[in-house]
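Examining the three-dimensional arrangement
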Amino acid sequence: MRDPASRGRTDTASIVVAARPDAVYRAFADPDALMAWLPPESMTGCVLGYDFREGGRYRIELTYDEAAPVGIGKTTGRTDVSTGRFLSLEPGKRIVQSVAFESSDASLAGEMVMTWSFEALPAGTRITITAENVPRGISQADHDAGLRASLENLARYLG
């Protein structure tokens, strides 16, 4: 068993959107919708495989634009490829998925678990993302910025 001290940190972020929980859930279920909001600014996304069901696997590629410095990517100079599984799907409530980066950098190794929770509110839905076992090669500042950007993109998409 792995020493808990060697596990990565946990990062979290949340936002309230003016949409119902079922609409938020649908933004994850459709791979085209996912790519419309998930990539942070200065990146584009491509779904390489997407089996949205419990136990289903996915593979996603995010590519930095030409203005980004070469060497910024986790997989290649300009790309981040991640793979994972959908561990738990509760329509309108929660999505739990594993995430692993395809990288030769040992500091990016390991499986992160991301939980997206949807809480119905009178004004819409509070979306909370919790990322557990974040690889040490991802700085907290960069990860916080990426989580916030994805949540803000999702809010705009649902708006």
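Scope of this entry: the structure provided in the associated data block. (Residues numbered from 1 in each chain as written. Predicted model: local features only at pLDDT ≥ 70, side-chain atom pairs only at ≥ 80, totals over all residues. Heavy atoms only, no water.)

**Some points on the nonpolar core**
Nonpolar side chains tend to gather and get buried jointly when the protein is soluble and globular. Val24, Phe28, Ile95, Trp116 and Ile127 are the most contacted members of the largest nonpolar core, which totals 40 residues. Looking at this core element by element, the count peaks at five residues for helix 1 (residues 21-29). Leaving out residues up to four positions away in the same chain, isoleucine 95 has contacts with Tyr25, Phe28, Phe52, Phe86, Ser88, Leu89, Met114, Thr115, Trp116 and Phe118. (Core = buried A, V, L, I, M, F, W, Y, C linked by side-chain atoms within 4.5 Å. Buried < 20%, exposed > 50% of the residue type's maximum accessible area, 1.4 Å probe, protein only. Helix = DSSP H or I, 4+ residues; strand = E, 2+ residues; numbered from the N terminus. Contact = heavy atoms within 4.5 Å.)

**Describing helix 3 (residues 140-158)**
Counted at 1.5 Å a residue, the expected span for helix 3 with its 19 residues is 27 Å, and the 27 Å between its end C-alpha atoms agrees. Every buried residue of helix 3 is listed here: His143, Leu147, Ala149, Ser150, Leu151, Asn153, Leu154 and Leu158. Residues of helix 3 that are buried make contact with strand 1 (9-17), helix 1, helix 2 (31-37), strand 6 (112-121) and strand 7 (124-134). (Expected span 1.5 Å × (residues − 1).)

**Focus on the side chain of serine 98**
By the secondary structure assignment, serine 98 is in strand 5 (residues 94-101). With relative accessibility at 1%, the residue serine 98 sits in the buried group.

**A look at the packing of aromatic side chains**
According to the stated counting rule, one finds 10 aromatic pairs in the structure shown. Taking 5.6 Å as the distance between ring centres and 65° as the angle between the ring planes, the aromatic pair formed by tyrosine 25 and phenylalanine 52 counts as edge-to-face. A residue pair is termed long-range when its members are at least 10 positions apart, and tyrosine 25 in helix 1 and phenylalanine 52 in the loop between strand 2 (43-50) and strand 3 (57-64) qualify at 27 residues. When the ring of tyrosine 50 is compared with that of phenylalanine 86, the centres are 5.4 Å apart and the planes differ by 85°; the resulting orientation is edge-to-face. Of this pair, tyrosine 50 sits in strand 2 while phenylalanine 86 sits in strand 4 (residues 79-90); the two residues are 36 residues apart in sequence, bridging distant segments of the chain. Note on phenylalanine 86: relative accessible area 2%, which makes it buried. Following the ring pairs from residue to residue traces out a cluster consisting of Tyr25, Tyr50, Phe52, Tyr58 and Phe86. It is lysine 74 that lies over the ring of phenylalanine 101; its NZ or CZ is 5.1 Å from the centre. (Phe/Tyr/Trp six-rings, centres within 6.5 Å; stacked < 30°, edge-to-face > 60°. Lys NZ or Arg CZ within 6 Å of the ring centre and 35° of its normal.)

**Describing the environment of phenylalanine 52**
Through-space distance from the C-alpha of phenylalanine 52 to that of phenylalanine 86 is 7.0 Å; in sequence the pair is 34 residues apart. Not counting residues within four places of it along the chain, the set of residues in contact with phenylalanine 52 comprises Tyr25, Phe28, Ala29, Phe86, Leu89 and Ile95.

**Overview of the packing of helix 1 against helix 3**
Two packed helices can be described by the angle between their axes and the distance between those axes. For the pair helix 1 and helix 3, interaxial distance at closest approach is 11 Å and the crossing angle is 110°. In terms of their interaxial angle, helix 1 and helix 3 are classed as roughly perpendicular. The crossing of helix 1 and helix 3 is right-handed. Every residue of helix 3 that contacts helix 1 at Ala23, Val24, Ala27 and Phe28 is listed here: Leu154, Tyr157 and Leu158. Taken together, the residues of the contact of helix 1 with helix 3 sort by class into seven nonpolar, no polar and no charged. (Axes fitted to C-alpha atoms, helices over the stretch in contact; angles between N-to-C directions. Parallel < 35°, antiparallel > 145°, perpendicular 65-115°, else oblique. Left-handed = near helix turned anticlockwise from the far one by under 90°. Nonpolar A, V, L, I, M, F, W, Y, C, P; charged D, E, K, R; others polar.)

**Focus on the pattern of salt bridges**
One pass over the full model with this rule turns up nine salt bridges. Between arginine 9 and aspartate 11 there is a salt bridge; the shortest N-O distance is 2.9 Å. Using a relative accessible area of 24% as the deciding quantity, one classes arginine 9 as partly exposed. Judged by relative accessible area, which is 1%, aspartate 11 ranks as buried. Among the salt bridges present, the one from arginine 85 reaches glutamate 111, with a minimum N-O distance of 3.3 Å. Taken together, the positions of arginine 85 in strand 4 and glutamate 111 in the loop between strand 5 and strand 6 put the pair 26 residues apart, joining distant regions of the chain. Judged by relative accessible area, arginine 85 falls into the partly exposed class, the value being 26%. Residues joined in a network through salt bridges with shared partners are Arg20, Asp22 and Arg26. (Salt bridge = Lys/Arg side-chain N within 4 Å of Asp/Glu carboxyl O.)

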